[in-house]
Amino acid sequence: MYLELEKRLAERLRAVLKDKFGAELAQIPMEIPPDLKMGELATPVALQLARTLRKAPKIIAQELVAAIGSLNGFASFEVAGAGYINARFDRASAATAIATGTEHSPFAQDHALVEHTSINPNKAAHIGHLRNAILGDTFVRLLRAAGQQVTVQNYIDNTGVQVADVVVGFLHVEGKSAAEVRSVIDDCAERFAKSGKFAEAFDYLCWDLYARTSQWYTTGTDAENEARKKLRYDTLHAIEHGGNETAEIAELISTAVLRRHLETMLRLGIEYDFLPRESEILHLKFWESAFELLKKSGVLYFENEGKNKGCWVMTRPCAEVTEGETDEDAKVIVRSNGTVTYVGKDIAYHLWKFGLLGKDFGYKQFFSYPDHECWISTEHGEANHPHFGGAQAIYNVIDSRQSDPQANVIQALRGMGHAEQADRYTHFGYEMVALTPSYAAQLGYQLSDEDRAKSYIEISGRKGFGVKADDLMDLMIAAAKSEVVKRHTDWSDAQVEEVASKIAYGALRYYMLRFSRNSVIAFDQDMALSPEGETGPYLMYAAARIRSIFRKGQTTPENVLAEFAQLSPEKTAAFLSGEENEDIWALWLRAGQRMSVLDQCIGTSEPMHLAKHAFQLAQDFSNFYHHHHILTEEDAAKKLFLLATAAVALRELVAVLGWLGIESPEAM
RNA sequence: GCGCCCGUAGCUCAGCUGGAUAGAGCGACUGACUACGAAUCAGUAGGCCGGAGGUUCGAAUCCUUCCGGGCGCACCA
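Residues numbered from 1 in each chain as written. Chains lettered and ligands numbered in written order. Predicted model: local features only at pLDDT ≥ 70, side-chain atom pairs only at ≥ 80, totals over all residues. Heavy atoms only, no water.

Focus: the sheet that holds strand 8 (residues 312-314)
Piece 1. Taking strand neighbours across the sheet as the criterion, the 3 strands line up as 7-8-9 in an open arrangement whose pairing is antiparallel. The two strands at the open ends of the sheet, each matched to only one other strand, are strand 7 (300-302) and strand 9 (331-334). Along the sheet, successive strands turn relative to each other by an average axial angle of 40°, direction set aside.
Piece 2. Relative to strand 9, strand 8 is paired through 3 bridges, and the arrangement is antiparallel. Across the sheet, M314 pairs through a bridge with K331, a residue of strand 9. (Pairing = 2+ DSSP bridges. Helix = DSSP H or I, 4+ residues; strand = E, 2+ residues; numbered from the N terminus. Axes fitted to C-alpha atoms, helices over the stretch in contact; angles between N-to-C directions.)

Here it is as structure tokens:
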């Protein structure tokens, strides 16, 4: 509703400005006044134009208001302050629009590709990976809500050094044979399927082995360490090359771990469409095709001088290059030994994402969700498969530290003449997740006095210091359970379990989403699960309480809204005006802002705005709830109106929580 | 050395393309359960928006510079 009226007013103003002053503005600034008493929408456009028109802003504003006349959906316009134009909505018609809730998204119908999660398939997922996946998944939900067609990708680096380390761990630290590794994987799967205990799952076993192997490289004699390091790179190269037993074992390990990652993320409702793997990018020779394109476009050049002599290099994004001089700072893409660097492979991969490579993966089915399949890359795939890649816009959810390589890829695209694609390549960066000192201590980590004074404690997967995602979720569920049990002694165990899980997952997702992407999250379970303050449980509680009103009133939001549509505009307007009803009007207005918040989230690639909006909506409702008693209201029309208010609040809250990937229980 | 991010209330954070009196949550203090769920609500105290310049009718927001903190800048992957 808000977004529609905002656009309508901006359009009218643009026409009036052109007609009266000959001024053409691409954008009419619009804002929400600091106080509802001033109206629902305001524009400082007259202030902005004062200089160019050489006129007092107040005069301009007055002339504009006169020229606007009347506008559908608005009650009045007035000049305020130094030259603001404040607009008041026609409250009854606004309420009708909000109650019907048919506002559709005004966005372009693009095909977007979101890549997130991308965990090295060599150990269990940890809390930092959860932030990545939750951010990515939420953004996917937002794009879909806006009507975009979205494919979700999870890039798997199955031929990297991290996988090699676990292979080295099994084969050389533990001295297992290939057959033994196979049976370990099978045993783990079997035991885990039977017990459901994550501690017995294969990704947990790898977590410890990876940490041990990392240490093994540095804890021998110098000569031993040298040999171990050689072993590490020999293993890596065997995996990259493929077609040997080491590569086969790596494939088994990475696939088994990957499957666990998908299960972990599914707990939070996070699903994927396609899993492109590094191994296919190598074996299907994506790079070779990209190399030709890069050479042809002149983005890459062969360096004959300086420290990069013998390499194919690329100029960096912000580099200042003087003609005739060697650019020592250039980014090496092909090494002097002829092998390609990480950025090179990434360029090839991104050309594929935009459909510019002229090559495709083979596809096979890998993992089934209730309503769709997740596909994985393979050399020789199934004949019938969906089409991936060829997106118009891409979003890469990768932590902020990777901004440099991301910038290199964008630079290459632009250099190849794909400016439009480069502009629609978003590095969806985010900061790390750490732990509050008190939570780290709660998890059993020994902290120094210095650590305790810090505002957060960093985690490290390599050192095995951190919280595994599944453990974290289990801990949160257990904590939620103890609260639920206290309040509902009559519930069955299954009921408690279900509601506690919803609370825990919702609390986790909300906590990962309530901060802006570039702020470090110091995670604390108690803070995330707190029923007070800006948390998931607070939001879920608000929804549960509204549901309980309808249960007790023996009606449904749908019935109430259908009946509300019959109420006369005069009555609605009366119920929405007056000092004592300002809080109700504020709640309706908040409910009408969903689309404009969505617009803001997508425009800034920042889901946090929606999290804040959901919180404010719940807060507005709680406020309303304590000031107006609904079910005992004697005036039938007034009671209907109050019920409609609750219905709208619930519908919006549930919708917004759904976009955040949070399910709200019927009762909690 | 170059580049990116951050510095706002005791703490954790919002503040959209410059705009009206800088906002939340937590914590502290006061109040409100014989009415729809108090896992709630209302209220009070608390800020030279890191410092200094500049642009502007107008700056937490833009520019410059300094201070303080974090992270990138390999022919590693």
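Some points on the protein's contact with RNA strand B
Piece 1. R51, Y84, R335, S516 and Y625 are the nearest of the 64 residues found near RNA strand B.
Piece 2. Counted by atom, the contact set of RNA strand B within 4 Å of the protein is 61% sugar and phosphate.
Piece 3. Side-chain polar atom of Q27 to a base oxygen of RNA strand B: 2.8 Å apart, as the coordinates give it.
Piece 4. One nitrogen or oxygen atom from the side chain of S548 is found 2.4 Å from a phosphate oxygen belonging to RNA strand B. (Near = heavy atom within 4 Å. Polar contact = N/O pair within 3.5 Å; in protein donor to acceptor, adjacent residues only side chain to side chain.)

A look at the sheet that holds strand 3 (residues 84-89)
Piece 1. Spatially, 1-3-2 is the arrangement adopted by the 3 strands of the open sheet, whose pairing is antiparallel. Strands at the two margins of the open sheet, each flanked by one partner only, are strand 1 (41-43) and strand 2 (74-80). Going from strand to strand, the sheet's axes swing by 20° on average, the running direction of each strand aside.
Piece 2. Relative to strand 3, strand 2 is paired through 6 bridges, and the arrangement is antiparallel. Counterpart to S76 in the pairing with strand 3 is R88.
Piece 3. Contacts between helix 1 (residues 2-21) and the sheet are confined to strand 1, strand 2 and strand 3, with strand 1 contributing the most and set at about 30° to the helix. (Contact = heavy atoms within 4.5 Å.)

Describing the domain arrangement of chain A
Piece 1. One can read the domain layout of chain A as domain 1 (2-89), domain 2 (157-271) and domain 3 (431-668).
Piece 2. Contacts between the two partners involve 7 residues from domain 1 and, on the opposite side, 10 residues from domain 3.
Piece 3. Regarding the contact of domain 1 and domain 3, the summed buried area is about 710 Å², with carbon and sulfur atoms giving 69% of it.
Piece 4. On the surface where domain 1 and domain 3 come into contact, there are 0 salt bridges.
Piece 5. Its residues assigned to classes, the side of domain 1 that touches domain 3 comprises 5 nonpolar, no polar and 2 charged. (Domains from an automatic or database assignment. Buried area = accessible area lost by both parts, 1.4 Å probe. Salt bridge = Lys/Arg side-chain N within 4 Å of Asp/Glu carboxyl O. Nonpolar A, V, L, I, M, F, W, Y, C, P; charged D, E, K, R; others polar.)

A short note on the environment of F291
Piece 1. Locating F291 in the fold gives a position in helix 12 (residues 286-297).
Piece 2. Separated by 60 residues in the primary sequence, F291 and L231 have C-alpha atoms spaced 30 Å apart.
Piece 3. Non-local contacts of F291, meaning those with residues more than four positions away in its chain, are made with L300, W312 and V334.

Focus on the environment of D526
Piece 1. On the secondary structure map, D526 appears in helix 20 (residues 525-529).
Piece 2. The class of D526 is partly exposed, set by a relative accessible area of 47%.
Piece 3. Counting along the chain gives 331 residues from D526 to S195, while the straight-line C-alpha distance between them is 28 Å. (Buried < 20%, exposed > 50% of the residue type's maximum accessible area, 1.4 Å probe, protein only.)

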